[in-house]
Protein chains: 2
Amino acid sequence: MINIIPVKGMPDIQRGDNLGNLVVAKLKDQREQFQQGDITVVTQKIVSKAEGRVIALSGVNPSPFAAFIAKETGKDPRHVEIILRESRRIVKMKAGHLITETKHGFVCANSGVDASNVEKRKSSLTLLPVDPDGSANRIRKTIRKLTGKSIPVIITDTFGRAWRMGHVNFAVGVSGMKPVLDYRGTRDMYGHVLNVTEMAVADELAGAAELVMNKADGIPVALVRGYKFKAGRGVAKDLLYSEEVDLFR
Amino acid sequence: MINIIPVKGMPDIQRGDNLGNLVVAKLKDQREQFQQGDITVVTQKIVSKAEGRVIALSGVNPSPFAAFIAKETGKDPRHVEIILRESRRIVKMKAGHLITETKHGFVCANSGVDASNVEKRKSSLTLLPVDPDGSANRIRKTIRKLTGKSIPVIITDTFGRAWRMGHVNFAVGVSGMKPVLDYRGTRDMYGHVLNVTEMAVADELAGAAELVMNKADGIPVALVRGYKFKAGRGVAKDLLYSEEVDLFR
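Basis of the calculations
- Residues numbered from 1 in each chain as written.
- Chains lettered and ligands numbered in written order.
- Predicted model: local features only at pLDDT ≥ 70, side-chain atom pairs only at ≥ 80, totals over all residues.
- Helix = DSSP H or I, 4+ residues; strand = E, 2+ residues; numbered from the N terminus.
- Rg over C-alpha atoms; globule rule 2.2 N^0.38 Å.
- Buried ≥ 20, exposed ≤ 12 C-beta atoms within 10 Å, placed from the backbone.
- Least-squares fit on C-alpha atoms with pLDDT ≥ 70 in both.
- Contact = placed C-beta atoms within 7 Å.
- Pairing = 2+ DSSP bridges.
- Axes fitted to C-alpha atoms, helices over the stretch in contact; angles between N-to-C directions.
- Nonpolar A, V, L, I, M, F, W, Y, C, P; charged D, E, K, R; others polar.
- Parallel < 35°, antiparallel > 145°, perpendicular 65-115°, else oblique.
- Left-handed = near helix turned anticlockwise from the far one by under 90°.
- Domains from an automatic or database assignment.
- pLDDT = per-residue confidence, 0-100.

1. What about the overall build of chain A?
Working step 1: When its secondary structure is counted, chain A shows 6 helices and 12 strands.
Working step 2: Taken against the 2.2 N^0.38 rule, which gives 18 Å for 249 residues, the C-alpha radius of gyration of chain A at 19 Å falls within 12% of a compact globule.
Working step 3: The C-alpha extent of chain A, read off along each of the three principal axes, is 55 × 50 × 25 Å.
Working step 4: Of all 249 residues assigned to chain A, the portion counted as buried reaches 49%.

What follows is the structure in structure tokens.
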């Protein structure tokens, strides 16, 4: 049995806030605590805010290319400028959508640059953390210092997908566990060796946690309890194909 | 809090087995029962077996095109023949991979035609159910008849994704709930109207359930308890873009 436990009452996060401290404190408030084997899932939005990855539109000077794309897509030119600065490649521009590859290698709309849940006046944008694995690692270390337990951390963002409607939550930062489980070479229940089966469990954990978060509800952290993860060094890049083997790049 | 509860001890499924009956019985064996608000998640594999969607390779006569593709991809020509019969379109052929669109509209490797967990001799393949929503509906109705409770059913299969390593579990059949949650027009915690946010919750539920299933373990059914789904008519097609708005077709 797996439990997905929302961490309630997280405050509005400000630059410099220590997320590890806050999660431990808020868990205590709801008479809960970390158990060995738990996984912490944290939305990108509060990590970005804590790390100051928020940018005011007012100071942004769009390039001619950004201004051109803004016209094509119906977006604010300053928003497009920020998206381009976060991008390594434009994957698809169509019908007002701008699908890009971020400098980390994630393929998503607008390089994860987002206006929702930032502040009261809609004049700022959040960017993805510069190094989400590093962010996850720092949160994990804080929790370990406070509780003595090594709890893997997954940082998530919601992206769209090719061919399928709607967004789901994906892992963009990982620390303390293997994000991909390799079943190749193991045997199925009939004794056959499984051929292709690497499961992206960190993405499944991200999606599972989202089910208690609910976009608008302001629940940016959840624990997953009872999932037998594979401990060890793991990073979000493990979830991305290298360019050479990617069928869709 | 959400619980994901594995349904243990399901037998090796044979053609004609009644899955709804079996799930209710096996739950009882583990001193568990359906509660209002539960969701049943069932892997495609046992649905296909119960519905006789298993085909012996020995009787298959590959077409010249199937034989050609088999050579290109290093697959058994009879396997390719079956894949083509299940396909509406070949999306990508590269490096031994055959990504197709099934007649239902799912984009996945080999149209979901699979050799693992079928039978002792590796001479048969399973196909996706002809109408996975109908299959989900029949299971839901059986459970309702036996328990008096209306429990949504999601049928799942594991697919790869564009750009990201590894497989995750996806919803391929739905009954009794809305698979996509539409947050457009609702407000975020700062009072801004959210622009694009439709969440494919059925896919997140499918992935969450997979975390207790484990490919090789023979746990083909799980309950998700405590998730506030939106009841109503919903089908797996709600999770697919129409061809006109799909950026990647």
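2. Side note on the relation of the copies chain A and chain B
Here the second copy of the chain follows from the first by a rotation about an axis and a shift along it.
Working step 1: For the pair chain A and chain B, the relating rotation is 180°, the translation along its axis is 0.0 Å, and the fit reaches an RMSD of 0.0 Å. Classification of the inter-copy transformation places it as that of a two-fold axis.
Working step 2: Counting the interface residues of chain A, we find that 100% of their copies in chain B are interface residues as well, pointing to one common contact surface.

3. What to know about the sheet that holds strand β12 (residues 221-225) of chain A
Working step 1: Spatial strand order, β9(A)-β8(A)-β2(A)-β12(A)-β1(A)-β1(B)-β12(B)-β2(B)-β8(B)-β9(B): 10 strands in an open sheet with mixed pairing. Only two strands of the sheet have a single partner each, and these edge strands are β9 (168-175) of chain A together with β9 (168-175) of chain B. If you compare each strand with its neighbour and ignore which way they point, the axes differ by 25° on average.
Working step 2: Here 7 bridges tie strand β8 (residues 153-159) of chain B to β9 of chain B, and the two strands are oriented antiparallel to one another. In the strand pairing of β9 of chain B, D157 of chain B is matched with F170 of chain B.
Working step 3: Along the sheet, helix α5 (residues 132-147) of chain B makes contact with β2 (39-43), β8 and β9 of chain B, crossing β9 of chain B at roughly 70°.

4. Observations regarding the sheet that holds strand β6 (residues 107-109) of chain B
Residue and element names in this part refer to chain B.
Working step 1: Spatial strand order, β4-β5-β6: 3 strands in an open sheet with antiparallel pairing. Lying at the two open borders of the sheet, with one neighbouring strand each, are β4 (87-94) and β6. For this sheet, the mean inter-axis angle between neighbouring strands, taken without regard to orientation, is 30°.

5. Let's talk about the pairing of strand β5 (residues 97-102) of chain B
Residue and element names in this part refer to chain B.
Working step 1: Among the 6 residues that make up β5, 5 are buried, leaving the element largely enclosed by the rest of the structure.
Working step 2: From the end of β4 to the start of β5, which pair antiparallel, there are 2 residues, and A95 there has a positive phi angle of about 50°.
Working step 3: In this sheet, β6 lies alongside β5 in antiparallel orientation, the contact comprising 3 bridges. When the sheet's bridge partners are listed, T100 is paired in β6 with C108.
Working step 4: Between the end of β5 and the start of β6, which pair antiparallel, lie 4 residues, with G105 showing a positive phi angle near 110°.

6. Comments concerning the interface of chain A and chain B
Working step 1: Contacts between the two partners involve 57 residues from chain A and, on the opposite side, 58 residues from chain B.
Working step 2: Listing elements by their share of the side of chain A that touches chain B, those giving two or more residues are β1 (2-6), β4 (87-94), β5 (97-102), β9, β11 (198-199) and α6 (201-213) of chain A.
Working step 3: The leading source of residues in the side of chain A that touches chain B is α6 of chain A, at 9 residues.
Working step 4: In terms of residue class, the side of chain A that touches chain B is built from 29 nonpolar, 12 polar and 16 charged.
Working step 5: In terms of strand pairing, β1 of chain A meets strand β1 (residues 2-6) of chain B through 3 bridges, oriented antiparallel.

7. Details of the packing of helix α1 (residues 19-29) of chain B against α5 of chain B
Residue and element names in this part refer to chain B.
Working step 1: Put simply, α1 and α5 touch, their axes get as near as 8 Å, and they point 50° apart. Looking at the two axes, α1 sits oblique to α5. You can see that α1 and α5 cross each other, and the crossing is right-handed. Contacts between α1 and α5 involve L19, G20, N21, V23 and V24 from the first element and I139, T142, I143, L146 and T147 from the second.

8. Structural notes on the domain arrangement of chain A
Residue and element names in this part refer to chain A.
Working step 1: If you check the domain split of chain A, you get domain 1 (3-51 + 129-237) and domain 2 (55-125).
Working step 2: A separation of 26 Å is found between the C-alpha centroids of domain 1 and domain 2.
Working step 3: Its residues assigned to classes, the side of domain 1 that touches domain 2 comprises 3 nonpolar, 1 polar and 3 charged.

9. Observations regarding the confidence of the model for chain A
Working step 1: With 94% of its residues at a pLDDT of at least 70, chain A reaches an overall mean of 92.
Working step 2: Both scores are available for the predicted complex, with the pTM at 0.95 and the ipTM at 0.95.

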